Amino acid sequence: MARLNHHYRKLTAGYLFPEIERRMKAFQKDNPGTQIHRLGIGNTTEPLTPGVARGLEEGVKRLAAAETYTGYGDEQGLTELREALSRYYESLGAKIDPGEIFISDGAKPDAGNIQSIFSADSVIAFQDPAYPVYVDSNVIAGRSGSYDGERDNYSGFLYMPCREESGFIPAPPAQKADLIYLCSPNNPTGAVAGHRQLREFIDYARRHKAVIIFDAAYAEFITDPGLPRTIFEIEGARECAIEINSFSKFAGFTGVRLGWSVVPKTLVVEGGEPAEVHRCWLRRQTTFFNGASNIAQRGGLAVLSPEGLRECRELIGYYMENSRIIKRGLQELGLTVYGGENAPYLWLKTPGGLTSWEFFDRLLQEAHVVGTPGSGFGPSGEGYFRLSAFGHRADIEKAMESIANRLIL
Ligand code: MLT
């Protein structure tokens, strides 16, 4: 008799974004004709830039001509793209060999799958709040105990609280962890870890022979030149860190699908041989995944060209202007807002002691604006609320006007 992986039953209430969608649809059904402003999911809205679109077109043309047609590509992804990424890292001050880069169809699958190459009894530490994929993928893999509704956490996991007083950057765990998930610029808080803070984690990882899974999907949103854009800027990271990144938010590829991971050959785990982690990830990817689309990879190459970088950084500037509009608007209403300066997410303290979901409902019912409840990202997110800066300018302005005119504070 077939039986399900029973760990799925431990997952709480369903994935956060479908729940938001459900409440939004219910509101729309009860209020037909009301315009809803969506600042919930971090989904890109602006068209691909001209140079990047030409790169994708070039990908299609190559597939349509006998001389340039390709089927399955190189195991780790298009060599030219990995070489371009290696040069991109060099421009950030990090030395990464193209052979250490794995092209994928996005950061989310990599963030969910990477845990599978580590031992089933690994102790996992998460930032709290965190992007739900890190926690859920480890629950599904059976690394947690049961969900505790009162504490809103899973037994067996180490939660690293991100608190207001420490700028939402956590300290390394007091106990010994084997795998540590870090995301900077952070989704959901918009906080960015500085060199010193990353160094503390690297020191911890080296001391405990732990591995850091560093999600840098929002690195291109950093405007402060003093902040690290890759963990590999920090000495010692090549011994203990894997970095995951994506073209989604960087170049508007949320629907195109393209990302990459860096697994250094110098990363060694307890009882492991040199480069074994790298080989394991190669084995995992070549067993379960047949590579990113040839077309998308040509688009990625165009993103990394000087013209592509200039255009995509302009696009990021557009979203960051949205972010400034949202932040200023909320602050003018007397609300406390964090983030949004080196990240496309704003982290708002819910007013009047409302819970995150209470504020979600109020914002939707009164101002017709959808955001994301902070508690959906972990217990320390309770009492906070995330707004995303992805959106058309006119919609962002309308949303802010609606909040200013309709939200009862
Ligand atoms: C978010 O809203 O947190 C992101 O859109 C999620 C994602 O990129 O998968």
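Just so you know, these numbers come straight off a predicted model, no measurement behind them.

Taking strand neighbours across the sheet as the criterion, the four strands line up as β11-β12-β15-β14 in an open arrangement whose pairing is antiparallel. In this open sheet, the two strands that pair with only one neighbour each are β11 (337–339) and β14 (372–373). In this fold helix α12 (residues 356–367) packs onto β12 (345–349), β14 and β15 (384–388), with an angle of close to 45 degrees to the strand it touches most, β15.

A separate point is the packing of helix α11 (residues 306–332) against helix α13 (residues 393–406). Between α11 and α13, the least distance of the axes is 10 Å, while the angle of their chain directions is 5 degrees. Our classification of the angle between α11 and α13 gives roughly parallel. Contact with α11, carried on its side by Y318, E321, N322, I325, I326, G329 and L330, involves R393, I396, E397, M400 and I403 of α13 and no other residues of that element. Of the residues belonging to the contact of α11 with α13, the class tally is seven nonpolar, two polar and three charged.

What follows is about the pattern of salt bridges. As enumerated under the stated definition, the model contains 21 salt bridges in all. With a closest N to O distance of 2.6 Å, E100 and R238 form a salt bridge. Residue E100 is found in the loop between α3 (79–91) and β2 (101–104), and its partner R238 is found in helix α7 (residues 237–240); the two are separated by 138 residues along the sequence. Exposure remark for E100: the relative accessible area of 3% places this residue in the buried category. The exposure class assigned to R238 is partly exposed, which follows from its relative accessible area of 25%. Residue E164 is joined to K349 by a salt bridge in which the shortest nitrogen-to-oxygen separation is 2.9 Å. Pair noted here: E164 is in the loop between β6 (158–161) and β7 (179–183) and K349 is in strand β12, with a separation of 185 residues, a long-range link. A residue is classified by how much of its surface remains accessible, and E164, at 25% relative accessible area, is partly exposed.

Here is what the cut-offs are and how they apply
Residues numbered from 1 in each chain as written. Predicted model: local features only at pLDDT ≥ 70, side-chain atom pairs only at ≥ 80, totals over all residues. Heavy atoms only, no water. Pairing = 2+ DSSP bridges. Helix = DSSP H or I, 4+ residues; strand = E, 2+ residues; numbered from the N terminus. Contact = heavy atoms within 4.5 Å. Axes fitted to C-alpha atoms, helices over the stretch in contact; angles between N-to-C directions. Parallel < 35°, antiparallel > 145°, perpendicular 65-115°, else oblique. Nonpolar A, V, L, I, M, F, W, Y, C, P; charged D, E, K, R; others polar. Salt bridge = Lys/Arg side-chain N within 4 Å of Asp/Glu carboxyl O. Buried < 20%, exposed > 50% of the residue type's maximum accessible area, 1.4 Å probe, protein only.

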